[in-house]
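This is what each chain is made of:
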Amino acid sequence: LRSLLPTTWDTNHEVAWNWLWDNIETVLKKTMGKPLLWEQSLSTMLAKLSDEEKHSYRVGLYDRYFAAVPAGQDYFKQSNTRLHFIADRATVMSLELLGEPWNMVDEISALGLRHVGYGIPTEMFSPFIEAAVDSMKRFVVDQTALQAFSWSLGIIAQMLVHTVTEGSTIVMKAINNNSHSQLQSAVNSAPRGERFNWVLIVKVGTQDISPLRWAIESGSLSAAKAIIEDLLTIRADRERYYYGVDALFLRHPDIVPIICSEAPLILETFLEGLVWRSRLTKDGLRRVNYYVKNLVIDSHGHFSGALQALVRLGDPKIISHPTIDLVSNRLWNGVVSRQFMLSKLWFILSLVILMVSQTLLPEYRESFEVRVATLVCRILTYLLTLMVLLAQHSRDIVVAYLHRDTVRIFRRIPVPRYLTEFYHLASLMLMICLILMLTYEPFIYCHYSEADWPTEYCPEYDHNGGFAYSVFAMFAVGLHWGLMADLAVFSTGLSAFVLVCVHVGSEIGRFMFALMFLLTTFASAITVLDHRYEDMKQFSDTMICLSGITLRLFEDDFRDLHSDPLLLTAVFGFITASAILLLNLLIAQLNCSYVYIYQNMLGYAKLKRASVNVQTLAYTKPHRWHYFVQTLGLKTPLEFNEGDVGMAGGIQVLEPQNLAVVATDRILRFGGSCSQDLEWPADNSRSAENEEQEKLAALEHLLHSTLSKFRRSRKHGGESRSGAESGDGRERSNSGAWSAASGVSGASLGFSGAESD
């Protein structure tokens, strides 16, 4: 130090420096070699404590702590079981620190950073340690163990204080207060080159915490929204642009799943921050840059999980956002549609073969060539459709059970989760129908007919399995055609119509349940009635007659029921309940349901296409995916306005100028020095706007509380006074309450006189 500081070093520095190291040497010599002995003594002491003594120790700890620091009760508001867990964990950590100091340093640093998020004052750690040591003295005779316990907890408290002090940045304090304006003021003091790091990482030693992640996790959504807005604001000086989207995804690659699961309210703010729209238009079009690189690929170049998280969220309004719509359409047009169509070709071909073998060729069964062609089509159906479906479902079922990706039906039976989707369930039912068709295949049963073989018609088969085969074939053809509805995803409008039909199907299901209840009720009642109408003597016949009446297929005349007034009354009652009440109620429900679904049907259609994108890209070959990513040109810098080259990582499109109103440019441009060590000039317009919103929110809260007090005073006044006195009291209370509300001065809320007016 003398050689490094020859001009400033003097004898005072010499004395101070020697004093420092002499004290360090004294402290080290005092504890040198003792941790091993302390560990053994402390381990023995904790092992000897009974459960009753441990419980008494924990109770005494908090009694002493709350008596010494009453404010600590505001931070220990959890249940007693949680408080006892904290006390036990602190005791165990005192022993672990002596045994594994290196690991415990990292663990205590991480714990300290979490206390930064909790906003714990550092002056509360020392009284907690003193309370723990005082409470433990009652049960410990070995002074060495007690010294070890005190020393270890003291080291832990010092480390926590150090971590909390270092990590309590002004950004973390703003997050603890959940203040939008306070957080903006905090980041405004950051150097422009470090501004992103201030809201993305707080590091102490080897441990770090993300202010953004903590804001979302703790529910401070106003602060989280302010951080997202600040990161996704484009700022520029003369030399470079500053845009925090890459820094955000580098720090939190899973930020989209995090927001979708924990803070969907700020998702729209996040998506809006990925869009830049030009203020200038040309020929009715404006430039729009969508910075969606991180929504398409991750840091390794693979397909990002952002779209999958948005599909899992299932919000049709979010999936219809222009940013997500652009990503989904580019994926569909670029790589998914062709691969999806190729994957469905075998399914279309198998349907054609099934239709030919089941509906067309049997009409010409007398021809030997036609029978051979029918046999070939049946074989192709079992090979092309059944074997593929069997392989797919066997794989998916095994994977689902291995990964425990199941749901329980009737709270007992685990079923693979993928079967909860209609398409996969119908596909499984189609496979089962084809297996049953193969079991009753007529070409197999009639193989002994050597003269006419191949044939599917023989007397023994018609008696044993002909009808069963036809039933299974009917269901197989119907399911096959139903699965073809999945191809509607090629057209957004057609897909929207199909989804509307599916959504209103639930209303029809409720109607059918209610109709079946009425049919069963009236059919049972009419059957036990003694009447002379033969078509309603049996329960099954009565059900058929009443169903025909409902569907207007009843061929008989109601005049035949004149001789049985009670029967006629029952039939008219059924008609009133079913045809008049239920049918009109169904129409009203379908109208309401359609109006609701119509508002979001395009969103649901886009959600369906996005889900197909996610499912298809899971099986896309890497070389095809990398070729598609190269065609997007994500590494090419995009122009803002003509000649103004900005950042890479986006896709530029031209959109009609009437799709959005752009009054001001999103880019905040600043003159002056371009040094990254300087702060950005404050954006006073935005700060003033946020500050005024917070003031209005405070005023609104004050008015609500004043009105609630007024209602309570009015209620109590009405109960305790007579009519005239109560009226006078209410008038006084009313005027007093409104005087209190109007008496809030502009100075107390930060408003000027004009703003208060």
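In the block above lies the structure referred to throughout.
Residues numbered from 1 in each chain as written. Predicted model: local features only at pLDDT ≥ 70, side-chain atom pairs only at ≥ 80, totals over all residues. Heavy atoms only, no water.

Trainee: If you had to explain the overall build of the protein chain to someone new, which residues and values would you point to?
Mentor: Helix and strand counts for the protein chain stand at 32 helices and ten strands. Computed over the C-alpha atoms, the radius of gyration of the protein chain is 38 Å, more than 25% above the 27 Å expected from 2.2 N^0.38 for a compact globule of 757 residues. Taken along its principal axes, the extent of the C-alpha atoms in the protein chain is 120 × 85 × 80 Å. Expressed as a percentage of its 757 residues, the buried residues of the protein chain come to 40%. Taking the intrachain contacts of the protein chain between residues at least 6 apart in sequence as the baseline, contacts between residues at least 24 apart amount to 71%. If the 67 positive side-chain charges of the protein chain are averaged to one point and the 78 negative ones to another, these points end up 3 Å apart. (Helix = DSSP H or I, 4+ residues; strand = E, 2+ residues; numbered from the N terminus. Rg over C-alpha atoms; globule rule 2.2 N^0.38 Å. Buried < 20%, exposed > 50% of the residue type's maximum accessible area, 1.4 Å probe, protein only. Contact = heavy atoms within 4.5 Å. Lys, Arg positive; Asp, Glu negative; His and termini not counted. Charge placed at Lys NZ, Arg CZ, Asp CG, Glu CD.)

Trainee: Can you break down the sheet that holds strand S3 (residues 235-236) residue by residue, with the values?
Mentor: Two orientations exist for strands paired in a sheet by backbone hydrogen bonds: parallel and antiparallel. Read from one edge of the open sheet, three strands run S4-S3-S10, paired in mixed fashion. Lying at the two open borders of the sheet, with one neighbouring strand each, are strand S4 (241-242) and strand S10 (668-669). Sheet topology places S3 next to S4; two bridges connect them, and they run antiparallel. Bridge pairing links Ala 236 to Tyr 241 in S4. (Pairing = 2+ DSSP bridges.)

Trainee: Describe the pairing of strand S8 (residues 413-416), listing the residues and the values that go with them.
Mentor: With four bridges joining them, strand S7 (residues 406-409) and S8 adopt antiparallel strand pairing. If you follow Ile 409 over to S8, its bridge partner there is Ile 413. Linkage of S7 to S8, two consecutive antiparallel strands, is achieved through a turn of three residues, within which Phe 410 is found at a positive phi near 60°.

Trainee: A description of the sheet that holds strand S6 (residues 285-290) should follow, citing residues and the corresponding values.
Mentor: Read from one edge of the open sheet, three strands run S5-S6-S9, paired in antiparallel fashion. Whereas interior strands pair on both sides, the edge strands pair on one side only; in this sheet they are strand S5 (275-282) and strand S9 (651-656). Shown here is a sheet whose adjacent strand axes are inclined to one another by a mean of 25°, direction ignored. Judged from the six bridges that link them, S6 and S9 form a sheet pairing that is antiparallel. (Axes fitted to C-alpha atoms, helices over the stretch in contact; angles between N-to-C directions.)

Trainee: Which residues make up a negative patch on the surface, and what are the values?
Mentor: Together, Glu 534, Asp 535, Asp 541 and Asp 560 make up a region of like negative charge exposed at the surface. Within the secondary structure layout, Glu 534 lies in the loop between helix H25 (492-528) and helix H26 (539-550). (Patch = residues over 30% accessible without salt bridge, like charges linked within 9 Å, V, L, I, M, F, W, Y side chains within 5 Å. Areas by Shrake-Rupley, 256 points an atom, 1.4 Å probe, with all protein chains shown as cover. Salt bridge = Lys/Arg side-chain N within 4 Å of Asp/Glu carboxyl O.)

Trainee: Residue-level account of empty space enclosed by the protein, with values.
Mentor: Inspection of every chain in the model, using the stated rule, returns four cavities of 30 Å³ or more. The space that makes up the second largest cavity amounts to roughly 50 Å³. (1 Å grid on protein atoms, 1.4 Å probe; cavity = no way out; pocket = protein on both sides within 12 Å on 5 of 7 lines; lining within 4 Å. Points joined across faces, edges and corners; volume = space filled by probe spheres on them.)

Trainee: Any details on the pattern of salt bridges? Residues and values, ideally.
Mentor: Scanning the model with the defined rule gives 24 salt bridges in all. Salt-bridge contacts for Arg 240 lead to Glu 239; the nearest nitrogen and oxygen are separated by 3.3 Å. What makes Arg 240 partly exposed here is its relative accessible area of 28%. Each of Arg 89, Glu 96 and Glu 107 takes part in a single network of salt bridges with overlapping partners.

Trainee: Could you give an account of the nonpolar core, with specific residues and numbers?
Mentor: Core analysis: the biggest nonpolar cluster contains 162 residues, and Leu 212, Val 256 and Phe 270 have the highest contact counts within it. The dominant element in this core, judged by the number of residues it contributes, is helix H19 (residues 322-360), at eleven residues. When neighbours within four sequence positions are excluded, Phe 270 is seen to be in contact with Ile 228, Leu 232, Leu 248, Phe 249, Val 256 and Ile 259. (Core = buried A, V, L, I, M, F, W, Y, C linked by side-chain atoms within 4.5 Å.)

Trainee: Explain the side chain of Ser 611 residue by residue, including any values.
Mentor: For Ser 611, the position within the fold is in helix H27 (residues 565-617). Side-chain polar atoms of Ser 611 contact the backbone oxygen of Lys 608, separated by 2.6 Å. (Polar contact = N/O pair within 3.5 Å; in protein donor to acceptor, adjacent residues only side chain to side chain.)

Trainee: Help me get a handle on the pairing of S5, residues and values and all.
Mentor: For S5 and S6, the ladder comprises five bridges, and the chain directions are antiparallel. Bridge assignment links Lys 282 to a residue of S6, and that residue is Leu 285. Once S5 ends, the chain turns through two residues before running back antiparallel as S6, passing Asp 283 with a positive phi of about 55°.

Trainee: How would you summarise the packing of helix H21 (residues 422-439) against helix H24 (residues 466-483) if you had to cite specific residues and measurements?
Mentor: Closest axis-to-axis distance for the H21/H24 pair is 9 Å, and the angle between their directions is 150°. Between H21 and H24, the interaxial angle falls into the category roughly antiparallel. Where H21 crosses over H24, the two elements pack in a sense that is left-handed. In contact with Tyr 423, Ala 426, Ser 427, Met 429, Leu 430, Cys 433, Leu 434, Leu 436 and Met 437 of H21, H24 contributes Tyr 469, Phe 472, Ala 473, Phe 475, Ala 476, Leu 479, His 480 and Leu 483. Taken together, the residues that form the contact of H21 with H24 break down as 15 nonpolar, two polar and no charged. (Parallel < 35°, antiparallel > 145°, perpendicular 65-115°, else oblique. Left-handed = near helix turned anticlockwise from the far one by under 90°. Nonpolar A, V, L, I, M, F, W, Y, C, P; charged D, E, K, R; others polar.)

Trainee: So what's going on with a nonpolar patch on the surface? Which residues, and what values?
Mentor: Together, Leu 1, Leu 4, Leu 5, Trp 17, Trp 19, Leu 20, Trp 21, Ile 24, Leu 28 and Met 32 make up a nonpolar patch on the protein surface, roughly 1000 Å² of accessible area in all. Turning to its location among the elements, Leu 1 is positioned in the segment before helix H1 (11-31). Judged by relative accessible area, which is 42%, Leu 1 ranks as partly exposed.

Trainee: Before we move on, can you summarise the packing of aromatic side chains with the specific residues and values?
Mentor: Scanning the entire structure with this criterion turns up 26 aromatic pairs. With 6.0 Å between their ring centres and 70° between their planes, Trp 17 and Trp 21 make a pair best called edge-to-face. Taken together, the residues span about one helical turn, with Trp 17 and Trp 21 both in helix H1 at a distance of four residues. On the basis of relative accessible area, Trp 21 is assigned to the partly exposed category, the value being 44%. Joined through ring pairs, the aromatic side chains of Tyr 62, Tyr 65, Phe 66, Phe 76 and Phe 128 make up one cluster. One cation-aromatic arrangement involves Arg 192 over Trp 680; the distance from NZ or CZ to the ring centre is 4.0 Å. For Lys 344, the ring lying beneath its charged end belongs to Phe 347, and the centroid distance is 6.0 Å. (Phe/Tyr/Trp six-rings, centres within 6.5 Å; stacked < 30°, edge-to-face > 60°. Lys NZ or Arg CZ within 6 Å of the ring centre and 35° of its normal.)

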